[in-house]
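Fold and contact review
Next come the chains, spelled out residue by residue.
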Amino acid sequence: MTGLGWIVAMVVVGCGGGSGDGTPDAGDAVPVDPGGDPAGDEAGDPGPEAPPTDAPAEDGTADAETPASCETPAQGRLAPPVPDPKKFALAVFHFNIQYVAGGLRGLMPPERDPEGMFDYDNDALEDLIVTESFEPLLDLFLAHPTFAADIEMQGYMLDVMMDRHPAVVGKMRALVARGQIAVQSFHYADQLFTAHSRFSMDHSVERNRRAFERACLPLSPVVFAQEGQFSEGMLEVMKSAGQTVGLMKGGPFHYQYSSVPDRLLYTLRGQDVVTTRGMSEGPFTVTWWFVDDGELALTGEMNPYMGSAFRYSEAAAKKLTQQLEQLQADGFFLTTVEDYVRSLKEAGVQAEPLPYSLDLTWRPDDSDNLYAWMGRAGLWGPDEADNEVCTSLERSRIALMAAGAALDWADAEALDVEVPALRAAWRDAMRLQVLGEVSDSTGWNPWAGEVRYSLERAAAALDAAEDILSAVQAASGKPHLAIHTGGGVEALDEPPPGPAWEPAEAPFEVEVDAPGFDVDVTWREAVPAGVPRTLEFTVRLTRQDPTAASVTLWFPRTGDRLIYSPAMLDEVADLALADLPGSQGLVNVPAANGLVGLGGGVFLIKDLRTVHLSAFFPKGESRVFFRDQTLNGAGPDAFRFLVLTGATADEALQAARDLNVVPTVVYP
């Protein structure tokens with residue numbers, strides 16, 4: 001591809017996992033001109049290997065205490081242009097300091113980039129995002145005291161700015177005090193939380209809290225998340241941070257509801273839910289003038305993948321200013337989402353109950369929901385490794401859970417081991433874990449550097465966990481530890497016996513479509529047999545065609561139900577598949593803890609250490625399938641599942657807990 005071809009591809013693909021969709025949600029009256037599609041993660045030749053990333057400083061920031069020199073302002077509230085306003089204009093600028101996780105260096109081969117347009121390492125590109133797109137937006141608001149909007153970012157971005165751009169954070173405080181901005185944040189890193197664990201998110205939320213305290217900024221009670229993710233688990237996790245309003249894009253709304261009426265305000269799990277769709281209800285009218293990647297707003301819709309061409313545009317700032325002035329001339333009150341919801345409630349607007357929510361992303365029709373991050377190949381498919389990234393992060397997460405439990409035990413038993421130093425190492429490793437869970441390394445179109453970003457952090461976190469486990473095991477005086485990640489450790493002279501398995505007949509046929517691979521399928525049964533019956537299904541793939549990279553596994557199901565365990569919840573959802581619109585006859589879910597129901601008391605559980613692909617439920621077909629188009633490693637590859645027959649939902653959920661959520665780890 002020529003240099004010009006690369007540039008055109010990057011303009012078309014655009015985004016580091018942002019949230020706009022290039023078109024307004026239904027009913028948006030006055031959108032900012034969207035321009036290019038902000039949906040992709042750019043890719044190209046892998047280039048040279050990235051520098052080592054096994055230390056927190058590699059990400060340009062480290063933990064720090066709250067500085068004594070700043071004071072957290074109270075969230076201000078702009079005075080409306082008229083008493084009791086009825087026309088509201090809202091916006092969410094979604095910023096992602098991990099827009100190109102790891103930076104651009106290596107994206108373009110040097111011979112195609114003689115002027116160094118893409119020669120930005122991780123920190124240099126982060127700085128560019130701050131100086132060319134974020135700070136100019138703050139300056140525009142400072143110059144126009146009646147403009148207001150929400151700004152969303154991960155806590156890691158605050159840490160970066162506190163370390164390298166503290167004056168920018170000072171501008172944020174001033175705007176917060178004036179009521180011109182509210183700062184939303186759900187996670188410390190821009191994680192694909194609908195695919196990963198509550199354990200990681202709880203740590204992320206706590207680290208995020210510390211980042212806001214350090215920056216002396218109040219955290220908005222409103223949540224808009226990376227990739228526009230929305231789930232019931234998100235609403236539950238929000239409660240731990242005192243957050244009360246979840247934002248849902250129009251795409252997720254239409255993907256899952258066929259009969260829910262249009263309302264200004266909804267409720268689910270005791271939380272308020274607002275959709276980013278312009279509409280009128282009673283005397284109220286709302287328009288959303290920007291819900292997109294904030295990096296695009298004042299750069300002429302350029303994105304950070306454009307390197308040195310990603311620059312502040314005075315023309316873009318002028319255009320945005322004119323649009324907002326026109327909104328005001330039309331009688332709209334520019335304010336924050338929190339203020340808008342408060343106004344609705346003060347006026348007595350009643351929230352419409354939502355029946356449920358799937359685990360969703362912002363453009364499920366285009367991405368097949370989570371499939372773009374959990375199995376689908378993008379423009380640079382040969383560089384992708386979705387299953388490898390997701391399973392590596394699950395292995396490191398489980399190891400960190402074991403290391404944390406071992407440290408608690410060592411402390412309680414007063415073992416001769418440096419617990420404070422090891423706890424500090426564990427916290428550093430958890431930081432790498434949550435950074436590695438960033439969505440950009442698997443979807444939409446990640447380049448090799450972004451894939452490496454997550455794989456290296458998972459590997460470094462795993463190494464740190466093993467170092468901690470080794471230290472605790474040595475101090476225990478026993479050769480083995482059995483660590484119950486939910487709590488509790490046993491020091492043993494002999495490793496505990498593992499489960500016993502015997503070859504078994506297949507209880508049903510699994511269709512494996514893997515062109516270019518030799519396929520080996522095995523079934524085993526846990527013995528002694530019990531109720532429910534537990535079987536192990538493993539498919540092993542050995543590449544014969546060097547270009548082969550795709551496999552689809554089809555499992556039979558009965559009934560017309562969508563049965564799975566939602567992300568970050570210890571529950572099983574059981575919904576009528578016919579009631580879910582989905583897209584092109586398909587409904588896709590991540591099955592974050594591995595659990596999928598096949599109907600008739602049969603449950604499938606992904607072993608997340610080996611397979612973590614999203615699950616497709618075709619409407620009108622009696623089967624479920626998993627597809628991976630990113631099998632680009634050397635191989636061979638093995639996908640392992642547990643199959644339970646004659647099981648209740650509670651029994652299946654317990655099996656998923658034991659396998660994936662809080663497993664017992666034997667070390668070594």
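Since the structure is predicted, the reported quantities are computational estimates derived from the model, not experimental observations. (Residues numbered from 1 in each chain as written. Predicted model: local features only at pLDDT ≥ 70, side-chain atom pairs only at ≥ 80, totals over all residues. Heavy atoms only, no water.)

A closer look at the overall build of the chain
When its secondary structure is counted, the chain shows 14 helices and 27 strands. A burial count over the chain gives 60% of its 668 residues as buried. Partitioning the intrachain contacts of the chain with sequence separation of at least 6 by distance along the chain shows that 77% fall at a separation of at least 24. When the accessible surface of the chain is summed, it comes to about 23400 Å², and 52% of that surface belongs to carbon and sulfur atoms. (Helix = DSSP H or I, 4+ residues; strand = E, 2+ residues; numbered from the N terminus. Buried < 20%, exposed > 50% of the residue type's maximum accessible area, 1.4 Å probe, protein only. Contact = heavy atoms within 4.5 Å. Areas by Shrake-Rupley, 256 points an atom, 1.4 Å probe, with all protein chains shown as cover.)

A word on the pattern of salt bridges
Tallied over the full model, the rule gives 40 salt bridges. In this structure, the salt-bridge partner of Arg209 is Glu206, at a minimum N-O distance of 2.3 Å. Remark: Glu206 and Arg209 occur in helix 5 (residues 198–215); sequence separation between them is three residues, near one turn of the helix. Since its relative accessible area comes to 35%, Arg209 is described here as partly exposed. Between Arg210 and Glu206 there is a salt bridge, with its nearest N and O atoms 3.6 Å apart. A residue pair is termed a helical-turn pair when its members lie 3 or 4 positions apart in one helix, as Arg210 and Glu206 do in helix 5 at four residues. A relative accessible area of 30% places Arg210 in the partly exposed class. On the accessibility criterion, Glu206 (32% relative accessible area) is partly exposed. Because the salt bridges share partners, they merge into one network encompassing Arg77, Glu338, Asp339, Arg342 and Glu346. (Salt bridge = Lys/Arg side-chain N within 4 Å of Asp/Glu carboxyl O.)

Things to note about helix 2 (residues 122–143)
End to end, helix 2 covers 31 Å across 22 residues, agreeing with the expected 32 Å (1.5 Å per residue, within 8%). At Phe134, helix 2 shows its maximal bend, which comes to roughly 30°, and the proline Pro136 appears one to four places after that position. At the N-terminal end of helix 2, a side-chain oxygen is found 3.3 Å from the backbone nitrogen of Asp123, two or three residues along, and the residue is Asp121. (Expected span 1.5 Å × (residues − 1). Bend = angle between axes of the 7 residues up to and from the residue. Polar contact = N/O pair within 3.5 Å; in protein donor to acceptor, adjacent residues only side chain to side chain.)

Here's the deal with the packing of helix 2 against helix 3 (residues 155–164)
Relative orientation of the contacting elements helix 2 and helix 3 amounts to 90°, with a least axis distance of 11 Å. Considering the angle they form, helix 2 stands roughly perpendicular to helix 3. Here Asn122, Asp123, Glu126, Asp127, Val130 and Phe134 of helix 2 come into contact with helix 3, specifically with Tyr156, Met157, Val160, Met161 and Arg164. A class-by-class count of the residues in the contact of helix 2 with helix 3 yields six nonpolar, one polar and four charged. (Axes fitted to C-alpha atoms, helices over the stretch in contact; angles between N-to-C directions. Parallel < 35°, antiparallel > 145°, perpendicular 65-115°, else oblique. Nonpolar A, V, L, I, M, F, W, Y, C, P; charged D, E, K, R; others polar.)

A closer look at the packing of helix 3 against helix 4 (residues 166–178)
It is at 5 Å that the axes of helix 3 and helix 4 come closest, and there the two elements cross at 120°. Between helix 3 and helix 4, the crossing angle belongs to the class labelled oblique. The segment helix 3 lies against helix 4, with Leu158, Met161, Met162 and Arg164 engaging Pro166, Val168, Val169, Met172 and Arg173. Along the lines of polarity and charge, the residues of the contact of helix 3 with helix 4 split into seven nonpolar, no polar and two charged.

Focus: the confidence of the model for the chain
Across the chain, the average pLDDT comes to 91, with 90% of residues at or above 70. Contacts for the low-pLDDT stretch residues 1–58, under 50 throughout, to residues beyond four places or in other chains number 190 contacts. (pLDDT = per-residue confidence, 0-100.)

Remarks on the state of the cysteines
By the definition in use, this model includes one disulfide. Put simply, Cys70 and Cys216 are joined by a disulfide, and their sulfur atoms are 1.8 Å apart. One disulfide, between Cys70 and Cys216, carries an S-S torsion of 60° and so falls in the right-handed class. On the criterion of sequence distance, the pair formed by Cys70 in the loop between helix 1 (3–13) and strand 1 (87–94) and Cys216 in the loop between helix 5 and strand 4 (222–223) is long-range, its members being 146 residues apart. (Disulfide = S-S within 2.5 Å.)

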